[in-house]
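Structural description and commentary
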Amino acid sequence: MAPVAVQQPAAVAQNAQNAQQDTKITLTPSHLKFINSQLQNLEPQQILQWAILTFPRLYQSTAFGLTGLVTIDMISKLQPQYAVAHPIELIFVDTLHHFNETLNLVDRLKKRYPSAALHIYKPENCDTVRDFNRLYGERLWETDEASYDFLVKVEPIQRAYEELGVRATLTGRRKSQGGKRGDLDIVEVEEYTGLIKVNPLANWSFKDVHDYMKANDVPYNVLLDRGYRSVGDWHSTAPVGEGEDERAGRWKGKAKTECGIHETSKFAKFLAAKKVAQQEATA
């Protein structure tokens, strides 16, 4: 299914020009270690400037969480230095199971940052939740959680990376979010795909992010005012209790902390096992 390109500013033309160039990027482990050591003590704005100058085909993948919103705002304030108003295009995966408040936020952001190109990807061959339920059944997240994550999140984002020619992406992950993100580097190379991921606010705390948003009047998800801190699909997101990790409201009561978008090795194994099962079933 083709992406829905919501905005088409001059940044698109710039990316089209970049696409004609050799955009293969290779970072050796030693080079990656050196880069992270150099970036470790820089401010997010400096890291963003470095990333924009360093990586061709750089995008921002975001679900419009707090860190992603701060990143968008920081980039918007860099625009006097660049030929285009918002030099980084955005990728949003509409899982078809977002809160209405999240979708309303997307509309508000289009008005606040009109020059930012936004590409929206949905589960393949689905425009509505009714389409999805017809293909895969209702409440798939309960009956086959791994398949659900793959269909609504992993496959759409991987399709976006392929169709848009993405070589590097900005993410909203931070160490202070807890779980597997506690030892997060600023720059990573994704296993299997080679995609470069830049986490410009990796070292910021929730308070740092919240203070920036307040000082710069950044639009945010109104669910934040109701006790939510990390917002995903409506069926797997809950408010966070006092003293809990920022992402404790995601998949509450389960050991799970990630949806799979940042776990390509896990889903490579999942797909391989699924292929074997299909082959055995038709043998």
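Residue positions are given per chain, counting from 1 as you read along its sequence in written order. pLDDT decides what is reported in this predicted model: residues at 70 or higher carry local features, side-chain atom pairs at 80 or more are listed and counted, and totals for whole chains, interfaces and linings draw on all residues regardless. Side-chain numbers here rest on the full set of heavy atoms in the structure, without hydrogens or water.

Remarks on the overall build of the chain
- In terms of regular secondary structure, the chain is built from 10 helices and 7 strands.
- A sequence separation of at least 24 residues applies to 75% of the contacts in the chain between residues at least 6 apart. Helical segments are the DSSP runs of H or I of at least four residues, strand segments are the runs of E of at least two, and each set is numbered from the N terminus. What makes two residues a contact is simply this: any of their non-hydrogen atoms within 4.5 Å.

Structural notes on unusual backbone geometry
- Here the phi dihedral of Phe64 falls at roughly 60 degrees; this positive angle occurs in a residue that is not glycine.
- Within the element layout of this structure, Phe64 appears in the loop between strand 2 (58–61) and helix 4 (66–76).
- Only protein chains enter the accessibility calculation, which uses a 1.4 Å probe; a residue whose area is less than 20% of its type maximum is buried, one above 50% is exposed, and one in between is partly exposed. You can call Phe64 buried: its relative accessible area is 4%.
- At Leu96, a position not held by glycine, the phi torsion is positive, near 75 degrees.
- Within the secondary structure, Leu96 sits in the loop between strand 3 (89–93) and helix 5 (100–112).
- The exposure class of Leu96 is buried, given its relative accessible area of 15%.

What to know about the nonpolar core
- Residues belong to one nonpolar core when they are buried, are Ala, Val, Leu, Ile, Met, Phe, Trp, Tyr or Cys, and are joined through side-chain atoms within 4.5 Å. With 44 residues, the main nonpolar core has Leu58, Phe64, Val70, Leu170 and Val187 as its most contacted residues.
- It is helix 4 that contributes the most residues to this core, 6 residues altogether.
- If we skip the residues at most four places from it in the chain, Val70 touches Leu201, Trp204, Val209, Tyr212 and Met213.

Side note on the packing of aromatic side chains
- Geometry of aromatic contacts follows a simple scheme: Phe, Tyr and Trp rings, the Trp one being its six-membered ring, pair when their centres are within 6.5 Å, and the pair is stacked under 30 degrees between planes, edge-to-face over 60, tilted otherwise. A full pass over the atoms with the stated rule returns 8 aromatic pairs.
- Considering the side-chain rings of Phe132 and Tyr136, the 4.9 Å spacing of their centres and the 50 degrees angle between planes classify their relative orientation as tilted. A residue pair is termed a helical-turn pair when its members lie 3 or 4 positions apart in one helix, as Phe132 and Tyr136 do in helix 6 (residues 129–136) at 4 residues.
- Centroid distance Phe132 to Tyr148: 6.1 Å. Interplanar angle 90 degrees. Geometry classified as edge-to-face. Taken as a pair, Phe132 in helix 6 and Tyr148 in helix 8 (residues 145–164) lie far apart in primary sequence, 16 residues in all. In terms of burial, Phe132 and Tyr148 fall into one category: buried.
- These aromatic residues form a ring-pair network of at least three members: Phe132, Tyr136, Trp141, Tyr148 and Trp234.

Quick notes on the confidence of the model for the chain
- The score called pLDDT rates the predictor's confidence residue by residue, from a low of 0 to a high of 100. The predicted model of the chain averages 82 in pLDDT, with 74% of residues at 70 or higher.
- Of the regions scoring below 50 in pLDDT, residues 1–21 engages in 41 contacts with residues more than four places distant in sequence or in other chains.

Details of the side chain of Gln60
- Its place among the elements puts Gln60 in strand 2.
- Judged by relative accessible area, which is 2%, Gln60 ranks as buried.
- In protein, a polar contact means a hydrogen-donor-capable atom and an acceptor-capable atom, both N or O and within 3.5 Å, with residues adjacent in sequence counting only if both atoms are side-chain atoms; elsewhere, any N or O pair within 3.5 Å suffices. Within the structure, the side chain of Gln60 is placed 3.1 Å from the backbone oxygen of Gly68, a separation counted as a polar contact.
- Other than its neighbours up to four places away in sequence, Gln60 contacts Gly68, Thr71, Ile72, Ile75, Ile88, Glu89, Leu90, Ile91, Thr169 and Leu170.

Structural notes on the side chain of Asp73
- With respect to the helices and strands, Asp73 occurs in helix 4.
- Assessed through its relative accessible area of 1%, Asp73 is described here as buried.
- When neighbours within four sequence positions are excluded, Asp73 is seen to be in contact with Arg112, Tyr113, Tyr212, Asn216 and Val218.

A few points about the pattern of salt bridges
- A pairing counts as a salt bridge when a side-chain nitrogen of Lys or Arg comes within 4 Å of a carboxyl oxygen of Asp or Glu. One pass over the structure, following the stated rule, counts 11 salt bridges.
- Across the pair Asp233 and Lys153 runs a salt bridge, and its minimum N-O distance is 3.7 Å. One end of the pair, Asp233, is in the loop between helix 9 (206–216) and helix 10 (264–282); the other, Lys153, is in helix 8, and 80 residues separate them in sequence. Of the two residues, Asp233 and Lys153, neither departs from the other in class, the shared state being buried.
- A single salt-bridge network, built from bridges that share partners, covers Asp73, Lys77 and Arg112.

What about the packing of helix 3 (residues 44–54) against helix 4?
- Relative orientation of the contacting elements helix 3 and helix 4 amounts to 70 degrees, with a least axis distance of 10 Å. Taken together, helix 3 and helix 4 sit at an angle that is classed as roughly perpendicular. As helix 3 runs across helix 4, the sense of the crossing is right-handed. Of the residues in helix 4, those in contact with Pro44, Gln45 and Leu48 of helix 3 are Thr71, Met74 and Ile75. Angular values range over 0 to 180 degrees, each being the angle between N-to-C directions of two axes fitted as lines to C-alpha atoms, with helices fitted over their stretch in contact. Put simply, angles under 35 degrees are roughly parallel, angles over 145 are roughly antiparallel, angles from 65 to 115 are roughly perpendicular, and the rest are oblique. Each crossing is labelled by how the near helix is turned from the far one, with a counterclockwise turn of less than a right angle marking it left-handed and a clockwise turn marking it right-handed.

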